[in-house]
Amino acid sequence: DPQTRSVQCFRFHHLACTSIIKICHFTPELVLPHFDLLSSQAMLLMRDKRVPQVEKYSMLEAQVMISNYFNSYEKQQDFLAQLLSQATSVWSSHEMQRAVSSPDEFISYVGAEILKGLEEGESPCQTNRSQLNLCLYTVKGVLQNAKWPSDLEAAKAGGFVVGFTSDGNPIYRNPCSEQVLKLLDNLFSLVRAFNNLYLPEVVQKMGESYAKCLDILETEKKCILGLIQPVMDTYDVPVYRSAEKRMQAFFRSMYDSCWQILGKLGPAMLQDFYSIPDLATCLLNSAFCNLSNVPDYRLRAMLHIL
């Protein structure tokens, strides 16, 4: 059944996975000896369809945090490759490559063309959307949390330093770079497909129901206007009641995730990102395409994050 907003907030703020993240962040030395146990339990939860995506993301984030204390580039790289294996498999599939090839294919993949007339709770393409969600959350979680040791000597001993600049500053390498680079082509294609959802011919062809899915969420409006959110007692309704509103929230969530990933690539991967051949052209043809039709409230994320 659809979760009420109050239940969702409770699970997000009070479940054990949130406590594990805090423990991994503040006292990683307590968790490191038990990493294999943590990882095996987390993998069981990741395969459980009943566990909400946000909780799966929390468990993934905790594992990446602890892997930063392996102090071995090779060991951490192997672990992150294993962690990203499902996302890599989905991203590299022929189905996903076709889905991000054009706005029409993407609309069909996520089920945005069959919204009209759907009853509450119906979601014919929910599996596709869940897979896409998990892929982006996985990549985002790894990019945001995978790091090299802060101590220079530990970083050199672990193989994280590849050289020094002319003024003596170390040049680091991120253990997640090799795996993330494999996913960038499809990420650029996905961002381009997102931007092209706003092409006038696409909006006109899809009709009013589709156009509403591209609109700004009510919660976003209230946040921008600084309006006070309603008290928790009034949240005892499903979070997104209609198929249109669920699709609207999906588009917003995915779009923000894409910008967060793009904005993190440079600081996380350093020279491995900036040395990509024709990087400027790739960005112009994806992140910056069709901006004349993308509404201002979507550009906020691009300007703020990227």
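Reading guide: rules and limits
- Residues numbered from 1 in each chain as written.
- Predicted model: local features only at pLDDT ≥ 70, side-chain atom pairs only at ≥ 80, totals over all residues.
- Heavy atoms only, no water.
- Buried < 20%, exposed > 50% of the residue type's maximum accessible area, 1.4 Å probe, protein only.
- Helix = DSSP H or I, 4+ residues; strand = E, 2+ residues; numbered from the N terminus.
- Arc of directions from axis to C-beta.
- Contact = heavy atoms within 4.5 Å.
- pLDDT = per-residue confidence, 0-100.
- Phe/Tyr/Trp six-rings, centres within 6.5 Å; stacked < 30°, edge-to-face > 60°.
- 1 Å grid on protein atoms, 1.4 Å probe; cavity = no way out; pocket = protein on both sides within 12 Å on 5 of 7 lines; lining within 4 Å.
- Points joined across faces, edges and corners; volume = space filled by probe spheres on them.
- Nonpolar A, V, L, I, M, F, W, Y, C, P; charged D, E, K, R; others polar.
- Salt bridge = Lys/Arg side-chain N within 4 Å of Asp/Glu carboxyl O.

For helix α9 (residues 103-110), the full list of buried residues reads P103, F106, I107, Y109 and V110. Buried residues in α9, looked at end-on, bunch into an arc of 165°, giving them a common side. Structurally, α9 contributes buried residues whose contacts are with α8 (94-99), α10 (126-145), α13 (184-196), α14 (200-206), α15 (208-213) and α17 (243-269). One or two positions beyond α9, positive phi appears at G111, with a value near 85°.

Okay, the confidence of the model for the protein chain next. Counting all residues, the mean pLDDT for the protein chain is 85, and 89% of those residues have values of 70 or more. Low confidence marks residues 117-121, where pLDDT is under 50. Its contacts with residues over four positions away, or in another chain, come to five contacts.

Looking now at the packing of aromatic side chains. The final tally for this structure, using the stated rule, is 13 aromatic pairs. Where Y57 meets Y137, the ring centres are 5.6 Å apart and the plane angle is 45°; that geometry is what we call tilted. On the criterion of sequence distance, the pair formed by Y57 in helix α5 (residues 53-67) and Y137 in helix α10 is long-range, its members being 80 residues apart. Both residues of the pair, Y57 and Y137, count as buried. When the ring of F70 is compared with that of F79, the centres are 6.1 Å apart and the planes differ by 75°; the resulting orientation is edge-to-face. A single burial state applies to F70 and to F79, both of which are buried. Linked through ring pairs, F106, F194, F250, F251, Y255 and W259 together constitute an aromatic cluster.

Glancing now at the layout of surface pockets. For the second largest pocket, the calculated volume is near 270 Å³. Forming the walls of the second largest pocket are 13 residues, and the residues nearest its centre are M65, N68, Y69, N145 and K147. Split by residue class, the lining of the second largest pocket holds six nonpolar, five polar and two charged.

Moving on: the pattern of salt bridges. Here the structure, examined in full by the defined rule, presents eight salt bridges. Where R98 meets E105, a salt bridge forms, and the shortest distance between an N and an O atom there is 3.8 Å. For R98, a relative accessible area of 38% puts it in the partly exposed group. Of the charged contacts, one joins E220 and R252 as a salt bridge, the two residues approaching to 3.4 Å between their closest N and O atoms. Of the two residues, E220 sits in helix α16 (residues 218-225) while R252 sits in helix α17, which places them 32 residues apart along the sequence. Several salt bridges share partner residues, and in doing so they unite E220, R252, D256 and R298 into one network.

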